[in-house]
Amino acid sequence: MTLSRRGLLGLAGAGVVVGTGAGIGIDHFAIAPATASGTSGAAAVYPFYGEHQSGITTAAQDRLHFASFDVDGSDRSELISLLKDWTAAAAQMTAGKTVGTGAVGGPLDAPADDTGEALDLPPSGLTITFGFGPSLFDGRFGLAGKRPTELIDLPHFAGDALEAALSGGDLCIQACSDDPQVAVHAIRNLSRIAFGRASIRWSQLGFGRTSSTTRDQVTPRNLFGFKDGTANVKAEDTTQVDEHVWVPRGDSASWMTGGSYLVARKIRMLIEPWDRTSLREQERVIGRNKGEGAPLSGGKEFTEPDFHAKALGSTLIDRDAHVRLAHPDQNKGALLLRRGYNFVDGNDDLGRLNAGLFFIAFQRDPASQFVRVQQSLAGHDALNEYIRHVGSGIFAVPPGAKPGSYVGAELFA
Ligand SMILES: C=CC1=C(C)c2cc3[nH]c(cc4nc(cc5[nH]c(cc1n2)c(C)c5CCC(=O)O)C(CCC(=O)O)=C4C)c(C)c3C=C
Ligand SMILES: [Fe+2]
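- The name that an unreviewed UniProt entry assigns to the chain is Deferrochelatase, with the source organism given as Lacisediminihabitans changchengi.
- According to the UniProt record, the Subcellular location (unreviewed entry) comment for the chain reads "Cell envelope".
- You can read under Sequence similarities (unreviewed entry) in the UniProt record for the chain the words "Belongs to the DyP-type peroxidase family."

### Comments concerning unusual backbone geometry
Inference 1: Backbone geometry places S124, a non-glycine residue, at a positive phi of 60 degrees.
Inference 2: Among the secondary structure elements, S124 is positioned in the loop between helix 2 (76-94) and strand 2 (127-132).
Inference 3: Unlike most non-glycine residues, K332 shows phi in positive territory, near 50 degrees.
Inference 4: Here K332 lies in the loop between helix 7 (322-326) and strand 8 (337-338).

### As for the environment of F226
Inference 1: One can find F226 in the loop between strand 4 (198-209) and helix 4 (238-244).
Inference 2: Residue classification places F226 among the buried residues on the basis of a relative accessible area of 2%.
Inference 3: Sequence separation of F226 and Q282 is 56 residues, and the distance between their C-alpha atoms is 9.2 Å.
Inference 4: What F226 contacts, discounting residues up to four positions off in sequence, is P220, R221, W274, Q282, E283, I286, R288, N289 and K290.

### Overview of the UniProt feature "domain: Dyp-type peroxidase C-terminal" (unreviewed entry) in the chain
Inference 1: What UniProt calls "domain: Dyp-type peroxidase C-terminal" (unreviewed entry) maps, in this numbering, to residues 219-401.
Inference 2: Overall, residues 219-401 shows 20% helix and 25% strand. The separation of its end C-alpha atoms is 31 Å.

### Some points on the site of ligand 1
Inference 1: With respect to spatial proximity, 27 residues lie near ligand 1, and among them G229, T230, A231, H322 and R338 are the closest.
Inference 2: In the model, an oxygen atom of ligand 1 is placed 3.2 Å from a nitrogen or oxygen of the T230 main chain.
Inference 3: In the model, an oxygen atom of ligand 1 is placed 2.9 Å from a nitrogen or oxygen of the A231 main chain.
Inference 4: Among the secondary structure elements, those contributing two or more residues to the shell around ligand 1 are strand 5 (260-269), helix 7, strand 10 (353-363), helix 8 (370-380) and strand 11 (387-397).
Inference 5: Here the element with the most residues in the shell around ligand 1 is helix 8; it accounts for four residues.
Inference 6: Of the residues contributing to the shell around ligand 1, the split by class is 16 nonpolar, seven polar and four charged.

### Quick look at the nonpolar core
Inference 1: Judged by nonpolar contacts, the single largest core of 77 residues is most densely connected at L79, W86, I128, F130, L136, L171 and F224.
Inference 2: Sort the elements by how many residues they give to this core and helix 2 lands first, with nine residues.
Inference 3: Those residues in contact with W86 that lie beyond four places of it in its chain are F69, F130, L171, I173, L190, I193 and A194.
Inference 4: Judged by nonpolar contacts, the second largest core, of 22 residues, contains L64, A264, F343 and I360.

### What about the pairing of strand 5?
For a regular strand, the rule is simple: side chains alternate between the two faces of the sheet.
Inference 1: In terms of residue burial, strand 5 counts as a mostly covered element, since ten of its ten residues are buried.
Inference 2: As defined by bridge partners, strand 5 adjoins strand 11 across ten bridges and the pair is classed as antiparallel. When the sheet's bridge partners are listed, L262 is paired in strand 11 with F395.
Inference 3: Taken together, the eight bridges between strand 5 and strand 10 define a ladder with antiparallel strand orientation. Looking at strand 10, one finds that R268 is bridged to G356.

### Quick word on a nonpolar patch on the surface
Inference 1: Taken together, the side chains of F207, V344 and L353 present a nonpolar region at the surface, about 210 Å² in accessible area.
Inference 2: Position of L353 among the secondary structure elements: in strand 10.
Inference 3: Judged by its relative accessible area of 37%, L353 falls in the partly exposed class.

### Details of the UniProt feature "domain: Dyp-type peroxidase N-terminal" (unreviewed entry) in the chain
Inference 1: Within this structure's numbering, the places UniProt gives as "domain: Dyp-type peroxidase N-terminal" (unreviewed entry) are residues 53-207.
Inference 2: The span residues 53-207 is 21% helical and 21% strand by assignment, and the distance between its end C-alpha atoms comes to 22 Å.

### Here's the deal with helix 6 (residues 279-286)
Inference 1: Turning to helix 6, its buried residues are Q282, E283, V285 and I286. Within helix 6, the buried residues cover an arc of 155 degrees as seen down the axis, which keeps them to one side.
Inference 2: Elements in contact with the buried residues of helix 6: helix 5 (271-275) and helix 7.
Inference 3: Of the residues trailing helix 6, G287 is marked for its positive phi of about 95 degrees.

Calculation rules
- Residues numbered from 1 in each chain as written.
- Chains lettered and ligands numbered in written order.
- Predicted model: local features only at pLDDT ≥ 70, side-chain atom pairs only at ≥ 80, totals over all residues.
- Heavy atoms only, no water.
- UniProt positions renumbered as here; feature names shortened; annotations may be inferred.
- Helix = DSSP H or I, 4+ residues; strand = E, 2+ residues; numbered from the N terminus.
- Buried < 20%, exposed > 50% of the residue type's maximum accessible area, 1.4 Å probe, protein only.
- Contact = heavy atoms within 4.5 Å.
- Near = heavy atom within 4 Å.
- Polar contact = N/O pair within 3.5 Å; in protein donor to acceptor, adjacent residues only side chain to side chain.
- Nonpolar A, V, L, I, M, F, W, Y, C, P; charged D, E, K, R; others polar.
- Core = buried A, V, L, I, M, F, W, Y, C linked by side-chain atoms within 4.5 Å.
- Pairing = 2+ DSSP bridges.
- Patch = residues over 30% accessible without salt bridge, like charges linked within 9 Å, V, L, I, M, F, W, Y side chains within 5 Å.
- Areas by Shrake-Rupley, 256 points an atom, 1.4 Å probe, with all protein chains shown as cover.
- Salt bridge = Lys/Arg side-chain N within 4 Å of Asp/Glu carboxyl O.
- Arc of directions from axis to C-beta.

Spelled out as structure tokens, the structure:
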């Protein structure tokens, strides 16, 4: 039996159901229900194998460690063996186990398979989601003919201030968890496994989810203090999820059936000017009130905005308000499953917080979804005065791996 990274006593304390009798082990986790606060909770375990990868419609956890990798060589079989090794390690870590033969108990004269910093921590709802960037299909690995047409190179948007060092990548891994150390442990160990085969190009830590992805989650707040994720696509809206998030059979690449496309944007938020802005102006910019998150046209948080409602001759929701320009009515029905996180990367040399939103969205077709919405926002979103897009990535997220197989196997078949 593989060593558990956690003690059974701790598990019992966390309310996890474990099996009884011979062979008690951490394979016996049960999936814990979401807690009242809306996070998946310390005891939650999400399956790694399945029709879709976890970490998309999964109730958004509170912490993120995201990493983009470049593959070091050009050997197709090395890439496949890396994906196999990553799959095995991800299946172990998401099940609450250590990687390989564990962190302790092996030979004292060799480094252990697992780095050990998640020993004794509960599973914390860890999900690990893998994606393939456009550059993976450049011919190095014999995949040029397999690039989905949906995996476009994102166009330049007005106002973009993208840094190459924060953009692109052959592969990505999104690790989400309710414990930051569990998410960091996952990326660290997957990066260690990749040594000599792939290296981190850029990475991002995130805290405080900025979206709800299930109806029982409380809507969180972003660093501008507004509720974020109210009008998000939710896991329970299965018709919307099937139509707007998962790639159906018949789209351009059959190996992507059951997958999705991830767009990541590192968006710096200009905290200090925002904090000097009146509450009236902040609410005009967003188009919702700050307290409840209700649309300025009236009602409560989940009331549909009325973009025609007027008072004293002016629309109650400004023409340039963020929610008006991002709304599906303005974007030919485009919907996104948003799954972003706040970040604070210290401060800049002028003493301003280097903070913002690490925006992540999943969708079936980035051209008609993210690009359409972002083109509308880049034009005249009132929020543009307070934000800068500094990093960008797009990745094809293949379907979930089947037990005994590996993530992305269909691409190499
Ligand atoms: C291209 C897509 C989007 C980017 C980039 C984006 C950046 C961004 N958003 C906020 C704050 C809020 N966004 C809200 C709603 C909202 N945002 C998008 C898309 C992008 N946002 C969509 C599709 C929507 C939903 C619109 C609708 O259907 O009503 C809200 C309101 C609450 C909510 O519904 O989530 C806030 C607040 C920031 C601060 C930001 C960049 C830093
Ligand atoms: Fe937004």
